[in-house]
Each structure stands twice: as C-alpha cells, then as structure tokens.
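Results of the structural survey
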Amino acid sequence: MTEPETKIVLPKGFLIGAATSAHQVEGNNTNNDWWHAEQAGKVPKSGQATDHYHKYEEDFTIAQDIGLNAFRISIAWSRIEPQEGQWDNQEVEHYRKVLQSMKAHGLTRMVTLWHFAMPQWLADKGGFESSHAIEAFARYAAFVAQNLGDEIDLWCTVNEPELYAGMGYNKGKWPPFKHSVFGTLVVIKNIIQAHKKAYKAIKQVRPEAKIGVAKNSVYYEPYRRNNILDQIIVWVSNTFGNHYFLERIVHELDFIGINYYFYNLMSFSLPDGVREMNFNFLKNRPEDKPEVMRSDMGWRTYPKGLYHVLLDLKKFNKPIYITENGIANARDDMRKDFIREHLRWVARAIRGGADVRGYFYWSLIDNYEWADGYGPLFGLVEINRETLERKVRPSAEVIKEIEIQK
Ligand code: FCB
C-alpha cells in the first residue's frame, strides 16, 4: 500500500549529507594494500580516482550548493602514517585544510578513521589478522585526535567491519584475497578490540568527542514466509550480521552509524540429503514487493527495510546516523525516488521513536567502487572520467525538497 505523498519533514538539527572514502575519491593513494593489489592486476586500478585530493574545495562547494549540511570523509591512514610510527605532518596539514574547507561550506564534519584500505606496512604485518593492528589503530586514532581532533565533529572508527572481513578473508575478492572462515572471525574479533581501544584513546585526548562506527546493516526476511527454517536463518543473520558487533562495543559507542544497502531474502534447504545452507540473496520471490528497486549492480533496494532496521536499533538507546545509503544508477532515473522514499521511512522511524540524527547519501560523486572499479555510478554528481569534470545530476534536486524543522 503506498501512502499519500507528503512533504518530508525532518527534525531540527537533522544532518543531510553525502559520504565518501579516501581511497575511492582522493586519487594516487599509493601506499596502501589496495594500490598494491591494483598494480598486481588483482583488482581494477584506482589511479587518480576523482582527484578529490586536489578538488575538495570544488566538491564541498557543490555539496553546499545542492543543499547538503553535512559531509562524511575518511582519512587515508597510509598518508598520515606512511611507515609504522612515522607521521607525515604535511598530510596532517592537508586534512586540516580539507576539514576547515568543509566547515567554511557549512558542512558538519564526520570523519572515518579507517575505510577498508590500510597502510602497506600494516598489511605486511598481517593486517587485522594480527593483534598488532589493534595497538597500531589505537595509536593512529590518538594521533588524529591530538592533531586534527579540533576539526572533527563526529567520528567513525571503522567502516563495515564484517563486510571488510568477509570480502577480504572469506570470499577472497579484496585484499588480502584469503579464503578462511577462521581468519574472518579473527579479523572481526580484532576489529572489535581495535574500536574499543581507539574509542578510549580518542576520549583521553578529547572527552567531548562523539564516536561511533559505520556498520553494515541489512534488512532480512524469510524467503518462504511461513517456513520455520527460513525464519531461523533470518534470526541467525540478524543476531550475527546486525547485532553482534554492536553488542560487543555498546559501552564504547556514542552513536550508531549504519550503512543500509541491502534487503535480503533468506532461505535454508537440505537438497538431496546434503546439508547445505542456501542463501538466496538475489532471488525474487513470486510475490515480490513492487516497490523493490534494482540498482545497476542488481542490488535489491527496499526503502521500508530501513524503517525496520532503525526501529530494531531502538533497543540500543543511542543516537543513530545513516552513514551510507545509495544506489548505482547510471541513468539517474531511480535516484530521486530512492532518496525520497528512504527519507520518508526515516521520518516515519523517527515518529516511531528511533533517535535518527542524520542521513548521508553514498556518494556525492561517482567514484572507485572497489573490485567493481569505475563501473557503478552512485554519485549525485557525475564525473567525466577523461577530464574529471563534475556535473550535478538532476536527481540532486531532491535534497532541496526536504524540509528540516527550524
Ligand atoms: C559500501 C562501502 C562504500 C561503497 C558503498 C557502495 O559497502 O562502505 O565504500 O563502496 O558500499
């Protein structure tokens, strides 16, 4: 049932932003594990990316012009700490200018300390499979707190920990291209510890800092609604996929950040007596919901799922930011509705008692989509890959439709 069209009104102080990450937009991040994998031909080359490293001023001007009041960047750890224990003050100054420029453009600044790409020296030491990374991350977090903390409004320690671990250590599609369930679990366990230590390290320097994570969150439904096995799989997925990480860090968390992209139908079957879990991620149900949109990447996007995810997080009793939500849509014919509908469900979730404080669209600009290279186009702003020229897409108009209470 579709509800009558109404203006989307969000509470006073609500943040409407866009999100990016260093490796995906800056360009020439040569000192990390992704760059090395790119040169080895294991994943597409990122090269200059969008040259946001030099064009940040232009990008923040666009962000302001289209009506955003917030922005999420990540700092490239490999730029700040190019070798273990060596700090690059020029890069610190660069990020200071970036953060000051954001402020000058009226953007509340959310900063992620580590978004997938890691310094090569750390990758060489085993990355997050080794507990060494826990100490290293906390030290880096403390350094950023001391040197840039006065320019950061909201902190995310890490981005999508389980997705990172799954892609790199289980599916083997991202650096370090491993296939080990045990390794995946170790990485998640170590990232939990790294978050906790970094949280404490930042708070020691800046007790007033607001620190969260950007957690991948999925809305799960049973493929066969009345099938008990499918229901169990949904329960397992929620418990381990959505809740586990947050429960472990709940005492070191000032807000919950969620990245919402997926609506997954789950099913379990025992074909021919062989016990096998069958995750039907992308299969349509016969009675599939008409409002489910398919992105260019085939991802099933379901705005109402965000409402369910938000209400489910109420039990944590923390402010919530949607740190990412977006659609790959080259033709730009779905993006407006996509954003509108998600925000409509955010407004309903707020009325339902979820303490949602902001929404960051992924992404401001088309960028390097990891193993998918420059194929998927998520941007509110189109990038000409030859000239790197920026062109605002018509869908960006939707931002100005949204009303934030005075
Ligand atoms: C998320 C990542 C982000 C971007 C989007 C499309 O999983 O956090 O870097 O790639 O997906």
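Residues numbered from 1 in each chain as written. Predicted model: local features only at pLDDT ≥ 70, side-chain atom pairs only at ≥ 80, totals over all residues. Heavy atoms only, no water.

**Concerning the overall build of the protein chain**
Scanning the protein chain from N- to C-terminus turns up 13 helices and 15 strands. A compact globule built from 406 residues would reach a C-alpha radius of gyration of about 22 Å, and the protein chain, at 20 Å, matches this within 12%. Taken along the three principal axes of its C-alpha coordinates, the protein chain extends 60 × 50 × 45 Å. Going through the 406 residues of the protein chain one by one, you find that 59% of them count as buried. Averaging the locations of the 51 positively and 51 negatively charged side chains of the protein chain gives two centres separated by 4 Å. (Helix = DSSP H or I, 4+ residues; strand = E, 2+ residues; numbered from the N terminus. Rg over C-alpha atoms; globule rule 2.2 N^0.38 Å. Buried < 20%, exposed > 50% of the residue type's maximum accessible area, 1.4 Å probe, protein only. Lys, Arg positive; Asp, Glu negative; His and termini not counted. Charge placed at Lys NZ, Arg CZ, Asp CG, Glu CD.)

**Description of helix 11 (residues 303-312)**
Buried within helix 11 we find Pro303, Gly305, Leu306, Val309 and Leu310. Across the axial projection of helix 11, the buried residues extend over an arc of 145 degrees, all falling on one side. (Arc of directions from axis to C-beta.)

**Brief notes about the pairing of strand 4 (residues 108-114)**
Burial analysis of strand 4 places 6 of its 7 residues in the buried class, the great majority of the element. The sheet contact formed by strand 3 (residues 70-74) and strand 4 spans 5 bridges and is parallel. Counterpart to Ala70 in the pairing with strand 4 is Thr108. The pairing of strand 4 with strand 5 (residues 154-159) spans 4 bridges and is classified as parallel. Directly across from Thr112, in strand 5, lies its bridge partner Cys156. (Pairing = 2+ DSSP bridges.)

**Considering the nonpolar core**
Generally speaking, nonpolar side chains in soluble globular proteins are found buried as a group. Residues Phe137 and Leu310 are the most contacted members of the largest nonpolar core, which totals 110 residues. With residues near it in sequence (within four places) discarded, Leu310 still touches Ile258, Ile320, Ile322, Val346, Ala349, Ala354 and Val356. Ala70, Ala214, Phe255 and Trp362 belong to the second largest nonpolar core, which has 15 residues in total. (Core = buried A, V, L, I, M, F, W, Y, C linked by side-chain atoms within 4.5 Å. Contact = heavy atoms within 4.5 Å.)

**Observations concerning the pattern of salt bridges**
Within the structure shown, the criterion is met by 28 salt bridges. In this structure, the salt-bridge partner of Lys125 is Glu84, at a minimum N-O distance of 2.4 Å. Note that Lys125 is positioned in the loop between helix 6 (120-124) and helix 7 (132-148) and Glu84 in the loop between helix 4 (77-80) and helix 5 (89-104), a separation of 41 residues in sequence. Taking relative accessible area as the criterion, Lys125 reaches 43% and is therefore assigned partly exposed. A salt bridge links Asp254 to Lys203, with the nearest nitrogen and oxygen atoms 2.9 Å apart. Pair noted here: Asp254 is in the loop between helix 10 (228-248) and strand 7 (255-269) and Lys203 is in helix 9 (residues 181-205), with a separation of 51 residues, a long-range link. In the salt-bridge network here, residues are joined through shared partners; they are Arg96, Arg109, Asp150, Glu151 and Asp153. (Salt bridge = Lys/Arg side-chain N within 4 Å of Asp/Glu carboxyl O.)

**Observations concerning the site of the ligand**
Taken together, 13 residues form the shell around the ligand, and within it Gln24, His115, Asn159, Glu160 and Glu369 come nearest. Take Gln24: an N or O atom from its side chain is 2.7 Å from an oxygen atom of the ligand. Here an oxygen atom of the ligand and a side-chain polar atom of Glu324 are 3.1 Å apart. The fraction of the free accessible surface of the ligand (290 Å²) that becomes covered by protein chains is 97%. When the residues that make up the shell around the ligand are grouped by side-chain class, the tally is 6 nonpolar, 4 polar and 3 charged. (Near = heavy atom within 4 Å. Polar contact = N/O pair within 3.5 Å; in protein donor to acceptor, adjacent residues only side chain to side chain. Areas by Shrake-Rupley, 256 points an atom, 1.4 Å probe, with all protein chains shown as cover. Nonpolar A, V, L, I, M, F, W, Y, C, P; charged D, E, K, R; others polar.)

**Digging into the environment of Gly375**
By the secondary structure assignment, Gly375 is in the loop between strand 12 (356-362) and strand 13 (381-383). Taking relative accessible area as the criterion, Gly375 reaches 51% and is therefore assigned exposed. Separated by 47 residues in the primary sequence, Gly375 and Ala328 place their C-alpha atoms 9.0 Å from one another.

**A few points about the packing of aromatic side chains**
Taken as a whole and assessed by the stated rule, the structure comprises 31 aromatic pairs. When the centroid spacing of 5.6 Å and the interplanar angle of 70 degrees are considered together, the rings of Trp34 and Trp174 count as edge-to-face. Taken together, the residues span a long stretch of sequence, with Trp34 in helix 2 (residues 33-39) and Trp174 in the loop between helix 8 (161-170) and helix 9 at a distance of 140 residues. For Trp34, a relative accessible area of 1% corresponds to the buried category. Across from the ring centre of Trp345, 4.2 Å away, lies the NZ or CZ of Arg348, which sits over that ring. Its guanidinium or amino end placed over the ring of Tyr374, Arg385 lies 3.7 Å from that ring's centre, counting from NZ or CZ. (Phe/Tyr/Trp six-rings, centres within 6.5 Å; stacked < 30°, edge-to-face > 60°. Lys NZ or Arg CZ within 6 Å of the ring centre and 35° of its normal.)

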